[in-house]
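Fold and geometry: a report
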Amino acid sequence: MASTSPLVPTGSRTDSGSRHGFTLAELLVAIAIIATLAGLLLPGIQAAREAARRTHCGSNVKQIALAVLAYELQNGYFPAATKTTDQAACQDCFDPWFEASRAPGSFAPGTKHGTSWLLEVLPFLEQKTLADRWDWQTNVLGNAALAQTDIRVLYCPSRRSGIRTGSDDHLNLLDPAWRGGGTDYGGCYGRLHGFVSEIAERHRFYDMSDTTVTPYTPTATAPQVQHSSGLLDGIFHATLRQADTAAQDGLSNVILIGELQRLRPTAVATENEASRRTSYDGWAVGGVATLFSVSTDPERGNPGGLNNLFFASPGSEHAGGANFAMGDGSVRFVSEFVDAKDNAAVLPLLGSIRDGNIASIDNANP
């Protein structure tokens, strides 16, 4: 006689094959655990990504430094900071921004340029075609189509990959209608007060006569030094091409290239603060757009150091410091806590080529 099985309601399962779904409480617990794990992992992921971006930035600095050194090896001197002739009524008060922005046709062909050292080294940055197309019969504005070219190696990946209109980067360019041609890197001009703070004077070069001194007010360890003495100079000079022998402190002890701040004044800034917190930008333009000073000069509004909101000082978007290349091509990440207490401290001395007080990059990070 066949055995009979107990009746099982349609759609149900026996105990051996039963399956239970998540209850609402269990689902909420699982979501909470996943959210907690994500919260723990996300900072690590972000830190790893920033570490990679910082390394990439250091590689950019290295490439630019090697391009400058290749230029020097081929020519026997470093490029001048700018090719320009316009200047105010004082010694070496060149005004590359004004010269670069003069209307083409308002000057004799080949007499005005306002260009930067970066244009000179483009062939060594795999940009020879761009350099060859540059029309030296006119200025930067006359080469607007080329000057707006984005060159990848000139952008720090921690900051941007191009001109950010949302951050008003375009307002720092020669023409605010431009949408390319920025740079996050510049050459070291030394430890002098190199540029006029006022936007009305286009941050032109400062007076280099013996009547001008840095710092404006001396300290016990940092006496006033005349601009004309050469003891404040960096590897990049305004219009002179310097040989490597000019670096009497040794190329390994002098900053060549570094990261730049890119500042826009805040809505509450006074007119004076707005001037000091306004950067210029553009790889093709000479002057403060492609240079920085490592001076400490509080009486002139420059507190010294990195990321100090003073337009002429170096800085970056990295946490804790910025990348710099020395005159021998080596690259270091320098801490924001580097000694810059006065103009004879470590960072300022690293910017000048023959101050006689040799500072080591190995002492730059406390």
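Anything mentioned here points back to the structure above.
Summarised in this report is the structure supplied together with it. (Residues numbered from 1 in each chain as written. Predicted model: local features only at pLDDT ≥ 70, side-chain atom pairs only at ≥ 80, totals over all residues. Heavy atoms only, no water.)

Glancing now at the pattern of salt bridges. The tally for this structure, following the rule as stated, stands at 16 salt bridges. With a closest N to O distance of 3.3 Å, R102 and D86 form a salt bridge. A residue pair is termed long-range when its members are at least 10 positions apart, and R102 in the loop between α2 (96-101) and β2 (115-116) and D86 in the loop between β1 (82-83) and α2 qualify at 16 residues. Close ionic contact of D281 with R160 constitutes a salt bridge, the shortest N to O distance being 3.0 Å. One end of the pair, D281, is in the loop between α6 (271-276) and β7 (291-292); the other, R160, is in the loop between α5 (144-147) and β3 (185-188), with 121 residues separating them in the sequence. Residues D281 and R160 agree in their burial class; the two are buried. One salt-bridge network, in which partners are shared between bridges, spans R159, R160, R164, D169, D184, R262, D281 and E317. (Salt bridge = Lys/Arg side-chain N within 4 Å of Asp/Glu carboxyl O. Helix = DSSP H or I, 4+ residues; strand = E, 2+ residues; numbered from the N terminus. Buried < 20%, exposed > 50% of the residue type's maximum accessible area, 1.4 Å probe, protein only.)

A separate point is the layout of surface pockets. Reported here for the largest pocket is a volume of approximately 150 Å³. Looking at the largest pocket, the residues that line it are H56, N60, Q63, L125, E126, Q127, I151, R152 and V153. Residue classes in the lining of the largest pocket are distributed as 3 nonpolar, 4 polar and 2 charged. (1 Å grid on protein atoms, 1.4 Å probe; cavity = no way out; pocket = protein on both sides within 12 Å on 5 of 7 lines; lining within 4 Å. Points joined across faces, edges and corners; volume = space filled by probe spheres on them. Nonpolar A, V, L, I, M, F, W, Y, C, P; charged D, E, K, R; others polar.)

In short, the description is geometric, and any link to function would need to be established separately.
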